[in-house]
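These are the residues of each chain, in order.
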Amino acid sequence: MRKILIFLRKEFIQIFRNKAMVPIIFGMPVIQLLILSNAATYEIRNIRFNVIDFDNSSFSRELISKFTSSEYFILNKVSFSMKESEESFKKNQARLIIYIPKNFEKDYRKDSKAEIQFVINAEDGSAAGVVNNYAANILRQFNTDIMYKASLVPDNIPLIKVNSANWFNPELNYKTYMVPGILVLLVTLIGSFLSGMNVVREKEIGTIEQLNVTPVSKYHFIIGKLLPFWIIGMLELAFGLALSLLVFKIPLLGNPLLIFLLAAVYLIVILGIGLLVSTVSHTQQQAMFVAWFIMILFILLGGVFTPLESMPDWAQLIAFFNPVAQFIKAIRMIMLKGSGFNDVMPQFYFFIVYGIIMMSLAVWRYRKSE
Amino acid sequence: MKRLLTFVKKEFLHIIRDYRTLLILFGMPVAQILLFGYAITNEIRDVKIAILDLAKDDVTQEISNKILSSGYFVSYENLKTAADIEPAFQKGIIKEVIVFEPFFGRNLEKEKRANIQIIADASDPNLANMMIGYTTAILENYQSGLSEDKILPAMIVPEIKMLYNPNLKSVYMFVPGLMSVILLLVSALMTSISITREKEMGTMEILLVSPLNPAHIIVGKVIPYLVLSLINTVIVLVLSMFVFQVPVNGSLALLAGISFLFLITALSLGILISTLSNNQQTAMMISLVALMLPTIILSGYIFPIDNMPLLLRVLSNIIPSKWFIIIVRGIMLKGVTFSYIWFETLILVFMTLLFLVISIKKFKIRLE
């Protein structure tokens, strides 16, 4: 026990001796959490659009005013040529062109049918989908309004009334969804990179040989190497959670202790992966690259930025073995839906098994004599 | 010149000897682009839902079948009472619940009005929006089928034209971002580590007393990574063009030129990081932790910049990738010429010069 404590002290001194690392370990995640959480949103407002109105009637102007008065759209420019309007796309000044042909009003009065064109800048596919949605909604509303005004809707049409409800996040606030995810990412990045670099650093500098001849056993060595990062990770998570509650007002419906319980085993998995990478690598550069590769895959398949549900089956299978995805899912369930231990039990056992496997591999790969 | 070449050769040997890093260096872009092309999308597909059918009649059965055969949703379970809804969500498997009111079919037939409720798990707001949108569209479709003979009279029909990316493929938008992330991280990370490594191992002293001057040392360090990153760029471009059919509408030469410029920007950022840090660990943490998430999130790679709060829009201007992504999307998707992107290019040039000037000022040719 005493040996471990002494070893721990040495590790902490070593971590904090490097003045540049302290702000990186503690300052950077906080700043990133504060800043990036505001950036991670798919919500689109202030969509700038161009109008090409060849009809120029009171009817077409009424339609356009529906767009300009909506909170989503801002008129960028009125022009009379498609070519000129497309310039706005190329200069990234607009996302939508509304094209109203000549005789728009006349056609509508005569045939009760008229056509307009939405040209959407679709270089960003998902944003284009959203723009299309908003524009179609405004047009649908406009259609219904004029029909009701002309009392053209017969009473005997069967109507299904659809009520939709957004549970657990009624204001559709992106931060509520993103902050827990980004917090997990930051804790994971710091934990895995620090542990990934640690042992290999001793190897590269040559101090590992000194450690190998000391009476510290293999297990003490591993515990002494990982415990400091585990403590740092837990502190960071606690701090980040406090920030999410106080600054971002993210609800915490479940039990905070449950989050820490899961985090405690989750960090063992992450540190185990880092340690394994560290013991199989020869240089810090190599270790970092391997760790980076794994982390990028974990993050992209982690369901932070894009929903896991939309991935093909093989990718979902990979995501299933991705501890980052599992922890993000669990922390969101606990915070936003108030899930209890029974709901996150699969994750809990998953982390324990995963952690044991990773640790055993790392211990097995680490040899005191080579 | 010959000295420099020898030095470059030494650096190459260093890199090639480490086959694991090399494998990742080339495997990474391939893995990422395949992931983005095949796996990562914002569209929805086979989302698990639960149905609470309090009517259990032919109409609700028909509507349920319509919803489940759409390809967007699969049924995970049938609920019995309204009290089951919340626990069902808490298990974290289903994302939406559809509730049919009691006597749904009879209400629809007799009173011409019936109620249906869609409850979405909005902890992911984007997914919730899309699910509700799709479900509503299916219901509207069903409803207009009911009243076909009494067709709604007046309509303005929009014709929708998606410019530059008619099928709204996510890979079109991700490829430029991916290029910038790979180039920036690989180049900045590799150079910063390789220079600080010499410092940490003590071999920097040997280099400094060698007849190479500091500029030679830096150039020699950078050239191998320049070559590697160029190969990476080509791999990413070829994969995206031939496997995912992302078009290059503009000039390929212009694209190559700008990519080369961006490489220099990334490498000079790497040099800057290395002059600011004393050991590999610090260099690495700066390049990874400080560059990775901001480059992914603030550059417009995944999230559109013009929706961010003002402060972040201003902040995004210091991210080199932002400018590169605008340029690459412009050239590849919109086919713009240099006259549209000269401003962005100028900013990249300016950033590169800035990084280099600071590095030269900070580069210490003496040991402390």
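A.B. asks: Help me understand the overall build of chain B, please; the structure alone is not making it clear to me.
C.D. replies: Check the secondary structure of chain B and you find 14 helices and five strands. Scaling as 2.2 N^0.38, a compact globule of 368 residues should have a C-alpha radius of gyration of about 21 Å, whereas chain B reaches 28 Å, well beyond that. Within chain B, the proportion of its 368 residues that are buried is 45%. Considering only intrachain contacts with a sequence separation of at least 6, the fraction spanning at least 24 residues in chain B is 78%.

A.B. asks: What's the story with the overall build of chain A in this structure? I'm lost.
C.D. replies: When you go through chain A residue by residue, the secondary structure sums to 14 helices and five strands. For chain A, the C-alpha radius of gyration of 28 Å lies well beyond 21 Å, the compact-globule estimate for 370 residues. Each principal axis of the C-alpha atoms in chain A carries an extent, and together these give about 95 × 45 × 40 Å. Evaluated residue by residue, chain A yields a buried proportion of 47% over its 370 residues. For chain A, long-range pairs separated by at least 24 residues make up 78% of all intrachain contacts whose partners lie at least 6 apart in sequence.

A.B. asks: Please explain the nonpolar core as it appears in this structure.
C.D. replies: What tends to happen in soluble globular proteins is that the nonpolar side chains get buried as a cluster. Ranked by internal contacts, the top residues of the largest apolar core, which has 209 residues, are Ile182(A) and Leu262(A). No other element matches the 18 residues that helix α7 (residues 170-201) of chain B contributes to this core. Ignoring any residue separated from it by four or fewer positions in sequence, one finds Ile182(A) in contact with Leu33(A), Leu36(A), Ser37(A), Ala40(A) and Val304(A).

A.B. asks: Sorry if this is basic, but what is going on with the domain arrangement of chain B here?
C.D. replies: Interface size is commonly expressed as the accessible surface area that is lost when the partners come together. Partitioning chain B into domains gives domain 1 (10-40 + 166-362) and domain 2 (47-149). Computed from C-alpha atoms alone, the centre-to-centre distance between domain 1 of chain B and domain 2 of chain B is 47 Å.

A.B. asks: Would you mind going over the confidence of the model for chain B with me for this structure?
C.D. replies: Parts of the prediction with low pLDDT should not have their coordinates interpreted in detail. Per-chain confidence: chain B averages 83 in pLDDT, with 96% of residues scoring 70 or above. With pTM at 0.79, the complex prediction returns an ipTM value of 0.75.

A.B. asks: Just to check I follow, could you spell out the domain arrangement of chain A for this structure?
C.D. replies: Annotation of chain A at the domain level lists domain 1 (2-40 + 172-365) and domain 2 (47-149). For domain 1 of chain A and domain 2 of chain A, the distance between their C-alpha centres works out to 48 Å.

A.B. asks: I'm lost on the packing of helix α2 (residues 21-39) of chain A against helix α7 (residues 174-205) of chain A in this one. Help?
C.D. replies: Any two packed helices are characterised by the angle at which their axes cross and by the distance between the axes. Residue and element names in this part refer to chain A. Running from N to C, α2 and α7 cross one another at 155 degrees; their axes reach a closest spacing of 10 Å. As judged from the angle between their axes, α2 and α7 are roughly antiparallel. Judged by the sense of rotation from one axis to the other, the crossing of α2 with α7 is right-handed. Where α2 abuts α7, its residues Ile25, Pro29, Gln32, Leu33, Leu36 and Ser37 lie against Lys175, Met178, Val179, Ile182, Leu183, Leu186 and Ile190. Class assignment of the residues belonging to the contact of α2 with α7 gives a composition of 10 nonpolar, two polar and one charged.

A.B. asks: So what exactly am I meant to see when it comes to the interface of chain B and chain A here?
C.D. replies: Contact residues are listed per partner, giving 99 residues for chain B and 105 residues for chain A. Within the residue set of the side of chain B that touches chain A, elements represented by two or more residues are α2 (19-39), α4 (85-90), β4 (113-121), α6 (125-146), β5 (155-163), α7, α11 (280-298) and α13 (320-334) of chain B. A per-element tally of the side of chain B that touches chain A places α11(B) first, with 12 residues. Of the residues belonging to the side of chain B that touches chain A, the class tally is 57 nonpolar, 24 polar and 18 charged.

A.B. asks: Before we go on, may I ask you to explain the packing of α7(A) against helix α10 (residues 256-280) of chain A in this structure?
C.D. replies: All names here are of chain A. Two elements in contact, α7 and α10, have axes separated by 7 Å at closest approach and are oriented at 35 degrees. At the point where α7 passes α10, the crossing takes the right-handed sense. For the pair α7 and α10, contact is made by Thr188, Gly191, Ser192, Ser195, Gly196, Met197, Asn198, Val199 and Val200 and by Leu267, Ile270, Leu271, Ile273, Gly274, Leu275, Val277, Ser278 and Thr279, respectively. Of the residues contributing to the contact of α7 with α10, the split by class is nine nonpolar, nine polar and no charged.

A.B. asks: I would appreciate a short explanation of the confidence of the model for chain A in the present structure.
C.D. replies: When pLDDT is averaged along chain A, the result is 85; 96% of the residues meet or exceed 70. Mean pLDDT values over the elements of chain A span from 77, in strand β5 (residues 159-167) of chain A, up to 93, in α10(A).

A.B. asks: Would you mind showing me how to read the environment of Val246(B) here?
C.D. replies: Residue and element names in this part refer to chain B. When you line up the elements, Val246 lands in the loop between α9 (214-242) and α10 (252-276). The spatial distance from the C-alpha of Val246 to the C-alpha of Ser316 is 26 Å, given a sequence separation of 70 residues. In this structure Val246 touches Val171, Tyr172, Val175, Ser240, Met241 and Met332, once residues within four positions along its chain are discounted.

A.B. asks: When you look at the environment of Ile357(A) in this model, what are you seeing that I'm missing?
C.D. replies: All names here are of chain A. Mapped onto the secondary structure, Ile357 falls in helix α14 (residues 341-365). Residue Ile357 is classed as partly exposed on the basis of its 13 C-beta neighbours within 10 Å. Sequence separation between Ile357 and Ile273 is 84 residues; the distance between their C-alpha atoms is 9.6 Å.

A.B. asks: Looking at this structure, I do not really get unusual backbone geometry. What am I missing?
C.D. replies: Note: most peptide bonds trans; most residues except glycine with negative phi. If you check the backbone angles, Asn103(A) has positive phi at about 65 degrees while not being a glycine. Mapped onto the elements, Asn103(A) comes out in the loop between β3 (96-100) and α5 (104-111). We note that Phe103(B) has phi near 55 degrees; this positive angle belongs to a residue other than glycine. Structurally, Phe103(B) can be placed in the loop between β3 (96-100) and α5 (104-110).

Conventions and cut-offs
All residue numbers refer to positions counted from 1 along the written sequence of the respective chain. Chain A is the first chain written and ligand 1 is the first ligand written, with later ones labelled in order. Totals for whole chains, interfaces and linings use every residue, but because this is a predicted model, local features are given only for residues with pLDDT of at least 70 and side-chain atom pairs only at 80 or more, for both listing and counting. Secondary structure elements follow DSSP: runs of H or I of four or more residues count as helices, runs of E of two or more count as strands, with numbering from the N terminus. As defined in this context, the radius of gyration uses C-alpha atoms, and a globule is described by 2.2 Å times the residue total to the power 0.38. Residues are called buried when their C-beta atom has 20 or more other C-beta atoms within 10 Å, exposed when it has 12 or fewer, and partly exposed otherwise; all C-beta atoms are positioned from the backbone. Here contacts are defined at the residue level, using C-beta atoms placed from the backbone and a cut-off of 7 Å between them. The nonpolar core criterion groups buried Ala, Val, Leu, Ile, Met, Phe, Trp, Tyr and Cys residues into a set whenever they are joined through C-beta atoms within 7 Å. The start and end points of each domain follow an automatic or database-based domain assignment. Looking at any residue, its pLDDT shows the predictor's confidence there, from 0 to 100. Between N-to-C directions, angles cover 0 to 180 degrees, with each direction set by a line fitted to C-alpha atoms, over the stretch in contact for helices. Angles below 35 degrees are treated as roughly parallel, those above 145 as roughly antiparallel, those between 65 and 115 as roughly perpendicular, and all remaining angles as oblique. Handedness of a helix crossing follows the sense of rotation of the near helix relative to the far helix, less than a right angle counterclockwise being left-handed and clockwise being right-handed. Throughout this entry, Asp, Glu, Lys and Arg are counted as charged residues, while Ala, Val, Leu, Ile, Met, Phe, Trp, Tyr, Cys and Pro are counted as nonpolar. The remaining residues, Gly among them, count as polar.

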